[in-house]
Each structure stands twice: as structure tokens, then as C-alpha cells.
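Structure at a glance
These are the residues of each chain, in order.
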Amino acid sequence: LSALSPCSPPAPLPASGLDRDQFPRQYLGSWHFIAAAAATPAALETFAGTDSSVFHMGQSPQPQRLQLRAALRLKSGGCVPRSWIYLLNEENTDLATEGRPGMRTELFSSKCPDTIIVQETDRDYQRILLYSRTPHLADECIEDFRSQAYCLDMEEFLLLPRSQDTCQLQDS
Ligand code: MYR
């Protein structure tokens, strides 16, 4: 560690994060998956066949739930729809995933505007993921993410190739 480049892990969301007027409202809508990092290759394996993914976070009829939909473009060319239900927590901005009791999703602010860092922890892996409102993100923002990952000893890094068109999200 050098004094010139202090190690800085991703910062938790600001305390205003729990303001129900703000959270999760400001995170609803579309996100592009940009990059992922983990300590082991196995934790990133699930993304190996993916060229790009676009997500939509939406409200659910029940206020304690969020509906996440995704459209994955596979490297092989096909489009694959995915969906998850997140359960909101009273005390913090952590999310639980319906049907995945061992999984915890924590949100972190990122230095670059219109981006968010998500940490997923399950029984057998942990990884951080970078999402952006826009499909292309400045290299500097990606490098920032990477150095924050290093700070967590996550040295495996994956940048989504995005060499094909993104897939269309299906209406729910
Ligand atoms: C996966 O591929 O493992 C699931 C990825 C979760 C994606 C989350 C995408 C958007 C993040 C926005 C945060 C919203 C919080 C209310």
C-alpha cells in the first residue's frame, strides 16, 4: 500500500439511502451491466458466456418487493430473459432475493455519476458488479471500480465484451 494511492473499498450508500422517499426510487429503471470482480474465477463463471446484459428494476404491487428483469445477450448470439424478486429490508438498503435464502445483495455508491456497485454474497461466493445508466462508461470509471475491487482482494476482473447489440427487455 502506498500513501499516494490509499486503498479505498466501495463506499456504502449515503445515510439518506434509507429515506423511503428516495430509496429505492432513485434506482428504479434501466441499468447496463458493465463489469464484475471477485477473488476467484469461479465467482465470475456465471458471466463467462454473456456478451451484455440490460436490467430493469421496477416496483411491485407490494411495497416491500422489487421486480428485476434482465435481457442477456449470449456470446453465442441468443437472447435470454431473466427475472428476480428482491425483498426490501426495514433496517438498511440490503436486498434479499426471493427463493435464494443464502444470498445477500448490498448496494454501494460509486465515484462516477449514474453508476452503482452491487455486492452479491451467497454461501459459496462473493462478487461485486458495476452497473451504469448508460451503456458506455468512461475507462476512468471502470478503472476506479477495478481498484476498489483490488482493495477488497478481488483480483479477478471481467469486463462485459458488449460486441453485439443489447437484447430487448420483455414486458412483464
Ligand atoms: C445477477 O446477474 O447476478 C443479478 C444482478 C443484479 C443486478 C442489479 C442491477 C441493477 C442494480 C440497481 C440497484 C437497485 C437497488 C434498488
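Anything mentioned here points back to the structure above.
Structural notes, computed from the coordinates. (Residues numbered from 1 in each chain as written. Predicted model: local features only at pLDDT ≥ 70, side-chain atom pairs only at ≥ 80, totals over all residues. Heavy atoms only, no water.)

This paragraph deals with the environment of Asp-21. Position of Asp-21 relative to the elements: it lies in the loop between β1 (11-12) and β2 (29-38). Taking the C-alpha atoms as reference, Asp-21 lies 19 Å from Ile-116; in sequence the two are 95 residues apart. (Helix = DSSP H or I, 4+ residues; strand = E, 2+ residues; numbered from the N terminus.)

Before going further, it helps to examine the layout of surface pockets. Within this model, the largest pocket holds a volume of roughly 590 Å³. Counting residues per element, the ones that place at least two in the lining of the largest pocket are β2, β3 (50-59), β4 (65-74), β5 (79-88), β6 (95-97), β7 (100-109), β8 (115-121) and β9 (126-132). Taken together, the residues that form the lining of the largest pocket break down as 21 nonpolar, five polar and four charged. (1 Å grid on protein atoms, 1.4 Å probe; cavity = no way out; pocket = protein on both sides within 12 Å on 5 of 7 lines; lining within 4 Å. Points joined across faces, edges and corners; volume = space filled by probe spheres on them. Nonpolar A, V, L, I, M, F, W, Y, C, P; charged D, E, K, R; others polar.)

Turning next to the site of the ligand. The ligand sits among 16 residues. The nearest are Tyr-27, Met-57, Tyr-86, Glu-120 and Tyr-131. In the model, an oxygen atom of the ligand is placed 3.0 Å from a nitrogen or oxygen of the Glu-120 side chain. Coverage of the ligand by the protein chains reaches 94% of its 490 Å² of free accessible surface. Counting atoms within 2 Å of the grid points, the majority share of the ligand lands in the largest pocket. (Near = heavy atom within 4 Å. Polar contact = N/O pair within 3.5 Å; in protein donor to acceptor, adjacent residues only side chain to side chain. Areas by Shrake-Rupley, 256 points an atom, 1.4 Å probe, with all protein chains shown as cover. Sits in = over half its atoms within 2 Å of the grid points.)

Take the state of the cysteines next. For the structure on display, the rule yields three disulfides. The residue that forms a disulfide with Cys-7 is Cys-151, at a sulfur-sulfur distance of 1.8 Å. Here Cys-7 and Cys-151 share a disulfide; its torsion about the S-S bond, 120°, makes the bridge right-handed. Placement of the pair is Cys-7 in the segment before β1 and Cys-151 in helix α1 (residues 139-151), with a sequence separation of 144 residues. Through a disulfide, Cys-79 is tied to Cys-167; the S-S separation comes to 2.1 Å. Across the disulfide from Cys-79 to Cys-167, rotation about the S-S bond amounts to roughly -85°, and the bridge is consequently left-handed. Taken together, the residues Cys-79 in strand β5 and Cys-167 in the segment after β10 (156-159) connect sequence positions 88 residues apart. (Disulfide = S-S within 2.5 Å.)

A separate point is the nonpolar core. In this structure, Phe-33 and Tyr-131 are the most contacted members of the largest nonpolar core, which totals 29 residues. Listed by contribution, the elements that provide at least two residues to this core are β2, β3, β4, β5, β7, β8 and β9. Residues contacting Phe-33, with those up to four places away along its chain left out, are Phe-47, Ser-53, Phe-55, Leu-129, Leu-130, Tyr-131, Leu-160 and Arg-162. Grouped together as the second largest cluster of nonpolar side chains are 14 residues, Ile-34, Phe-108, Ile-142 and Phe-145 included. (Core = buried A, V, L, I, M, F, W, Y, C linked by side-chain atoms within 4.5 Å. Buried < 20%, exposed > 50% of the residue type's maximum accessible area, 1.4 Å probe, protein only. Contact = heavy atoms within 4.5 Å.)

Attention now moves to the packing of aromatic side chains. Across all of its chains, the model carries eight aromatic pairs by this definition. For the pair Phe-33 and Phe-55, a centre-to-centre distance of 6.5 Å together with 80° between the ring planes defines the contact as edge-to-face. Note that Phe-33 is positioned in strand β2 and Phe-55 in strand β3, a separation of 22 residues in sequence. With respect to class, Phe-33 is no different from Phe-55; both count as buried. Taken together, the aromatic side chains of Phe-33, Phe-47, Phe-55, Trp-84 and Tyr-131 make up a single cluster linked through ring pairs. Sitting over the ring of Trp-31, Arg-133 keeps its end group 3.9 Å from the ring centre. (Phe/Tyr/Trp six-rings, centres within 6.5 Å; stacked < 30°, edge-to-face > 60°. Lys NZ or Arg CZ within 6 Å of the ring centre and 35° of its normal.)

Here we take up the pattern of salt bridges. All chains considered together, the criterion is met by five salt bridges. Of the charged contacts, one joins Arg-100 and Asp-122 as a salt bridge, the two residues approaching to 2.7 Å between their closest N and O atoms. Linking Arg-100 in strand β7 with Asp-122 in the loop between β8 and β9, this pair joins segments that are 22 residues apart in sequence. Here Arg-100 falls in the partly exposed class, since its relative accessible area comes to 35%. Taking the shortest distance from any N to any O, the salt bridge between Glu-106 and Arg-104 comes out at 3.0 Å. Taking relative accessible area as the criterion, Glu-106 reaches 15% and is therefore assigned buried. Of the residues examined, Arg-104 reaches a relative accessible area of 40% and is grouped as partly exposed. One network of salt bridges, in which partners are shared, links Asp-94, Arg-104 and Glu-106. (Salt bridge = Lys/Arg side-chain N within 4 Å of Asp/Glu carboxyl O.)

These figures capture arrangement, not role.
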